[in-house]
Amino acid sequence: MSHSTAGTEPAKPPPEDDHAFFGQPRGLMTLSGLEVWERFSFLGMQAILVLFFADTVANGGMDMDPGTAASVSAAYGTLVYLVSVAGGWLADRILGSYRAVLYGGILIACGHYCMAVPTDAMTWVGLGLISAGTGLLKPNVASMVGKLYRTDDERRDAGFALYYMGINIGAFAGPLITGWLGDHAGWHWGFSAAAIGMTLGLIQYVAGRRHLAGRKHAAEFALAPDAMRRAVRLIVGGAVVVAAVATALALAGWLTMDRFVDVLTVISVIAPIVYFVVMFRSPRVTAEERGRLRPYVVLFLGSVVFNFILFQAYSTMMLLASTNARTEILGFTFPASWYASALGAFEVALAPVVAAVWARMGPRQPHASNKIAFGVILGGLSFLLMVLPTSGHDDTTYRMAAWWIVGSYLLLGLGDILLETSGMSATTKLAPQAFASQTMALWFLSLALANGIQAQIVKLYGEVSNPAYFGVNGAIAVAVGVAMIAAAPWLKRTMHPVH
């Protein structure tokens, strides 16, 4: 027997909760509130992380050159999404969703508190804890939202829309607070704000737990007791061995930061290849499902290219804003990290507009593959736009108008809305039935690979001219998007039942 039944019976929220939150289950308020604060802490920290790495020691930074700072920041993102693949399995088989999210949030908060301590060692410990915690929390919160609704509940899409709005509210507010503190009080004060934000999220999550479906401790597909004990021993033992080997290699001088980044990149490349090979060769995958996997590989690569651009909103674009963009609008001066808030603001504002346009167009709206392609093209254009203000300068002391960065983030935010919603939907519909429960893992692997590639490419930032850097990367993204549009007839034919 692979899992118990009595212990995994999902706990139901009180009946009066069903329409208590804008016509949605009250549990949605609890989970959306958690995500507001989680994104507040995660993206608030992300907005100042690369600036902290690149700042001088005298100013409380780590004095990395810009390319290295962006590379290490990208490697951190790679680790977050690689761990997220394991986070879903741990919730399904061992911890249960409620405990996985709770433990993940605790690790994230502890990580931010560590980063509030102004020492290099605590910075690396903090980033490790945040990576592990986000890997537990991120893949499981969305699944808990889904458990609030029956499969045929017509409120489901509207509920997820409210949930994602919460994510973007946190993405907007986080950089405003952490950026101001980092600029005026010191980087570690900014990390402290992220820690407090995650703590507030945890408090309201625990306080609202009675409104959550499936909140019992047992995992939904729990391993048998003997198998669970073996799995826990292997996980704990493996973590100890990896930590010991990494420490020994670091002390011996072999495991440098550059090599650690390279290892993560290699893993991010190998993992999706192995995943796809397993799915294509699995006897549990039918010929029809295998046929739908082929177009999904194209969509997967489109996601990688777009997110390669998107994640640089918090790395190279932050570095560019801090050195070559004006931080003043209509006489008001602001920290360079505030530019990151523009991305969240645009997504909050544009998401309902895009949804209304698709609803109005009905069956005439573009195919999912074309929506993803348009998103990739917009991502590329956001980089190509930066060629104009960075060209034709004799030195690096120029300052571009704020609207160039804001305009770039407008294109990027719209592209993110087009790609992420269509990409996630296509992932759930095209994945083979035997791998249906692992669709989130597949999507996270595209994000890990995007960060892994970014960790290598951003090393060129500061080594080549800004017009060349943004122009070449933007042009490649546009070319990929155009190629996807050219392949649209084949994608439409092979992606059935996705429209």
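Rules behind the numbers
- Residues numbered from 1 in each chain as written.
- Predicted model: local features only at pLDDT ≥ 70, side-chain atom pairs only at ≥ 80, totals over all residues.
- Heavy atoms only, no water.
- Helix = DSSP H or I, 4+ residues; strand = E, 2+ residues; numbered from the N terminus.
- Phe/Tyr/Trp six-rings, centres within 6.5 Å; stacked < 30°, edge-to-face > 60°.
- Buried < 20%, exposed > 50% of the residue type's maximum accessible area, 1.4 Å probe, protein only.
- Axes fitted to C-alpha atoms, helices over the stretch in contact; angles between N-to-C directions.
- Parallel < 35°, antiparallel > 145°, perpendicular 65-115°, else oblique.
- Left-handed = near helix turned anticlockwise from the far one by under 90°.
- Contact = heavy atoms within 4.5 Å.
- Nonpolar A, V, L, I, M, F, W, Y, C, P; charged D, E, K, R; others polar.
- pLDDT = per-residue confidence, 0-100.
- Core = buried A, V, L, I, M, F, W, Y, C linked by side-chain atoms within 4.5 Å.
- Salt bridge = Lys/Arg side-chain N within 4 Å of Asp/Glu carboxyl O.

Draft legend 1. Expanded view of unusual backbone geometry. Although it is not a glycine, Asp 63 sits at a positive phi angle of roughly 60°. Residue placement: Asp 63 occurs in the loop between helix H1 (26-54) and helix H2 (66-95).

Draft legend 2. Structural detail: the packing of aromatic side chains. In this structure the tally under the stated criterion is 18 aromatic pairs. Between Phe 52 and Phe 191, the aromatic rings sit 5.3 Å apart at their centres with planes inclined by 90°, giving edge-to-face as the arrangement. Within this pair, whereas Phe 52 is found in helix H1, its partner Phe 191 is found in helix H6 (residues 187-207), the two being separated by 139 residues in sequence. Taking relative accessible area as the criterion, Phe 52 reaches 1% and is therefore assigned buried. Judged by relative accessible area, which is 0%, Phe 191 ranks as buried.

Draft legend 3. Layout of the packing of H2 against helix H4 (residues 120-146). Interhelical geometry of H2 versus H4 gives an angle of 45° and a closest axis separation of 6 Å. Between H2 and H4, the angle is such that the two are oblique. Helix-helix and strand crossings are classified by hand; for H2 and H4 the assignment is right-handed. Residues Val 72, Tyr 76, Leu 79, Val 80, Tyr 81, Val 83, Ser 84, Gly 87, Gly 88, Leu 90, Ala 91 and Leu 95 of H2 pack against Trp 124, Leu 127, Ile 130, Ser 131, Ala 132, Thr 134, Gly 135, Leu 136, Lys 138, Pro 139 and Asn 140 of H4. Each residue belonging to the contact of H2 with H4 can be placed in one class, and the counts come to 15 nonpolar, seven polar and one charged.

Draft legend 4. How the structure looks around the environment of Leu 137. Looking at the secondary structure, you find Leu 137 in helix H4. By relative accessible area, Leu 137 is classed as buried at 0%. Taking the C-alpha atoms as reference points, Leu 137 and Leu 102, separated by 35 residues in sequence, lie 7.4 Å from one another. Aside from chain neighbours lying at most four places away, what touches Leu 137 is Leu 34, Glu 35, Glu 38, Ala 100, Val 101, Gly 104, Gly 105, Ile 108 and Met 198.

Draft legend 5. Inspection of the confidence of the model for the protein chain at higher detail. Taken as a whole, the protein chain shows an average pLDDT of 85; of its residues, 91% reach a score of 70 or greater. Confidence, expressed as mean pLDDT per element, reaches its minimum in the protein chain at strand E1 (residues 328-329) with 82 and its maximum at helix H16 (residues 466-486) with 95. Scored below 50 in pLDDT, residues 1-9 shows 14 contacts in the model against residues more than four places distant or in partner chains.

Draft legend 6. Quick look at the environment of Gly 291. Looking at where Gly 291 falls in the secondary structure, it is placed in helix H9 (residues 287-310). When the C-alpha atoms of Gly 291 and Ile 167 are compared, they prove to be 34 Å apart, with 124 residues separating the residues in sequence.

Draft legend 7. Structural context of the nonpolar core. Formed by 94 residues in total, the largest nonpolar core has its most connected members in Met 45, Leu 49, Phe 53, Tyr 339, Ile 405 and Tyr 409. In this structure Tyr 339 touches Met 318, Ala 321, Ala 325, Arg 326, Thr 327, Phe 334, Ala 402, Ile 405, Val 406 and Tyr 409, once residues within four positions along its chain are discounted. With 22 residues, the next largest nonpolar core counts Leu 28, Ala 142, Tyr 163 and Leu 212 among its residues.

Draft legend 8. Here's a closer look at the pattern of salt bridges. A full pass over the atoms with the stated rule returns four salt bridges. Ionic pairing is found between Arg 39 and Glu 38, a salt bridge with its closest N-O pair at 2.7 Å. According to the relative accessible area criterion, Glu 38 is buried, its value standing at 1%. Across the salt bridge formed by Arg 292 and Glu 288, the nearest N and O atoms sit 3.2 Å from each other. Taken as a pair, Arg 292 and Glu 288 lie in helix H9 at a separation of four residues, close to a single helical turn. Looking at Arg 292, the relative accessible area reads 13%, which means it is buried. With relative accessibility at 56%, the residue Glu 288 sits in the exposed group.

Draft legend 9. A look at the packing of helix H10 (residues 316-324) against H16. Viewed as axis vectors pointing N to C, H10 and H16 meet at an angle of 150°, and their least axial separation amounts to 13 Å. Classed by the angle they form, the pair H10 and H16 counts as roughly antiparallel. Here H10 runs over H16; the crossing is left-handed. For the pair H10 and H16, the contacting residues are Thr 316, Met 317, Leu 320 and Asn 324 in the first and Asn 466, Tyr 469 and Phe 470 in the second. Partitioned by chemical class, the residues of the contact of H10 with H16 number four nonpolar, three polar and no charged.

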